[in-house]
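# A structural walkthrough
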Amino acid sequence: PDALIVVDRQGTIVFANNSSLSDGSVKLSGGSLALSGGNNFNRPVIVGTGSKLAGYGTYTSNVSIGNGAILSPGLQKDGGTTGAMEFYHLELDAGGVYEFNLQSPNFTDTIGQDFIKVYNPGEGSTLVINADSDHPFIIKVVSLDTDGFAGMLEGIDQGHGLYSWTLINFDVISIPGNGDIFDPSAFSLDVSGFASDAPLGGEFNLFREGNNLMLGFTPVPEPSTYAMMILGLGMVGWTMRRRRHIK
């Protein structure tokens, strides 16, 4: 049978320079596993309680993020906290955490945000959500300052309306027990690590847009914006009444 490699220490194992494992699967029970650069990892990975899967690269076998485990793209030592990871098959279990680091309000700035892609060039790949409203998977939003450390996200415009970022891009999504119908209540948002220069704050939400799981943020408009909206509605009403009177 295949060997089982168990990582049970608090350190981080980084696979770089085309390092690989020829046999067996990897189970994380504490500590972290990360790929550096554009490397591939060809063994199944089970990420357990108190463990973290981080870095970059592509995982070509099944990967599961279990209860109490963390999925966090990027490596600080490589010059930035944000990163991109690709999976051929990814399972997100109830109680697991996707730590989404965000440094730019611009959704087209791929360097300024984490990104996960579930895609298999050879055959259909699957993002599996093993969670529901009673036992959700957690999305933890962490804002970064301009130096890439946890801090304040700058550049939010109070009058912008909805900001949105892609959390996960996928080919196929499977939600057992829910008819594969996307339900945002299967996720819990933790925004305790988020701060921005929007003085009045805002509201977060999760939604599906095509083959993307999206994070939305709508800043609270400034009072002057509300006043202009009310004035505009009042002018529309006055104009309609005036037209009826002229007729």
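Once that is clear, we can look at the overall build of the protein chain. Within the protein chain, the secondary structure is distributed over one helix and 19 strands. For the protein chain, the proportion of its 247 residues judged to be buried stands at 43%. Sequence-distant contacts in the protein chain: of pairs separated by 6 or more residues, those separated by 24 or more amount to 56%.

Summarising the element assignment, S64 is placed in strand β8 (residues 58–65). By relative accessible area, S64 is classed as buried at 16%. Setting aside residues up to four positions removed in sequence, S64 forms contacts with V45, I46, V47 and E91.

As for its position among the elements, E203 is in strand β18 (residues 202–209). Residue E203 is classed as exposed on the basis of its relative accessible area, which comes to 58%. Taking the C-alpha atoms as reference points, E203 and G216, separated by 13 residues in sequence, lie 8.0 Å from one another. Those residues in contact with E203 that sit more than four places away from it in its chain are G216, F217 and T218.

What follows deals with the nonpolar core. Grouped together as the largest cluster of nonpolar side chains are 47 residues, with contacts concentrated most on L53, I65, L90 and I168. Residues within four places of L53 in sequence aside, it is in contact with L33, V47, Y59, V63, I65, I70, L71, S72, M85 and F87.

So, on to the packing of aromatic side chains. Tallied over the full model, the rule gives nine aromatic pairs. With a centroid separation of 6.4 Å and an interplanar angle of 85 degrees, the aromatic rings of F137 and F187 are classed as edge-to-face. With a gap of 50 residues between them, F137 in strand β14 (residues 137–143) and F187 in strand β17 (residues 187–193) connect regions that are remote in the sequence. An identical accessibility class is assigned to F137 and F187; each is buried. The interplanar angle of 90 degrees and the centroid separation of 4.9 Å between the aromatic rings of F194 and F204 together place this pair among those described as edge-to-face. Of this pair, F194 sits in the loop between β17 and β18 while F204 sits in strand β18, and the two are 10 residues apart along the sequence. We note that F194, like F204, is buried. One aromatic cluster is present, built from ring pairs that chain together F41, Y59 and F87. Across from the ring centre of Y119, 4.9 Å away, lies the NZ or CZ of K117, which sits over that ring.

On average, the protein chain scores 84 in pLDDT, and the residues at 70 or more come to 78%. Under a pLDDT of 50 for its full length, residues 1–5 has, in the predicted model, 12 contacts with residues more than four places off or in other chains.

Below, the discussion takes up the environment of T58. Along the polypeptide, T58 turns up in strand β8. For T58, a relative accessible area of 15% translates into the label buried. For the pair T58 and L35, spaced 23 residues apart in the sequence, the C-alpha separation amounts to 8.2 Å. Dropping the residues within four chain positions of it, T58 is found in contact with L35, N39, N40, F41, E86 and Y88.

Moving on: the pairing of strand β12 (residues 115–118). Taking every second residue as pointing to the same face, the buried face of β12 carries I116 and V118, while none of F115 and K117 on the other face is buried. With four bridges joining them, strand β10 (residues 84–93) and β12 adopt parallel strand pairing. Following the sheet pairing, F87 is matched in β12 by V118. Relative to strand β15 (residues 163–170), β12 runs parallel, the two sharing three bridges. Bridging across to β15, V118 finds its partner in F170.

Each value, and the rule that gives it
- Residues numbered from 1 in each chain as written.
- Predicted model: local features only at pLDDT ≥ 70, side-chain atom pairs only at ≥ 80, totals over all residues.
- Heavy atoms only, no water.
- Helix = DSSP H or I, 4+ residues; strand = E, 2+ residues; numbered from the N terminus.
- Buried < 20%, exposed > 50% of the residue type's maximum accessible area, 1.4 Å probe, protein only.
- Contact = heavy atoms within 4.5 Å.
- Core = buried A, V, L, I, M, F, W, Y, C linked by side-chain atoms within 4.5 Å.
- Phe/Tyr/Trp six-rings, centres within 6.5 Å; stacked < 30°, edge-to-face > 60°.
- Lys NZ or Arg CZ within 6 Å of the ring centre and 35° of its normal.
- pLDDT = per-residue confidence, 0-100.
- Pairing = 2+ DSSP bridges.

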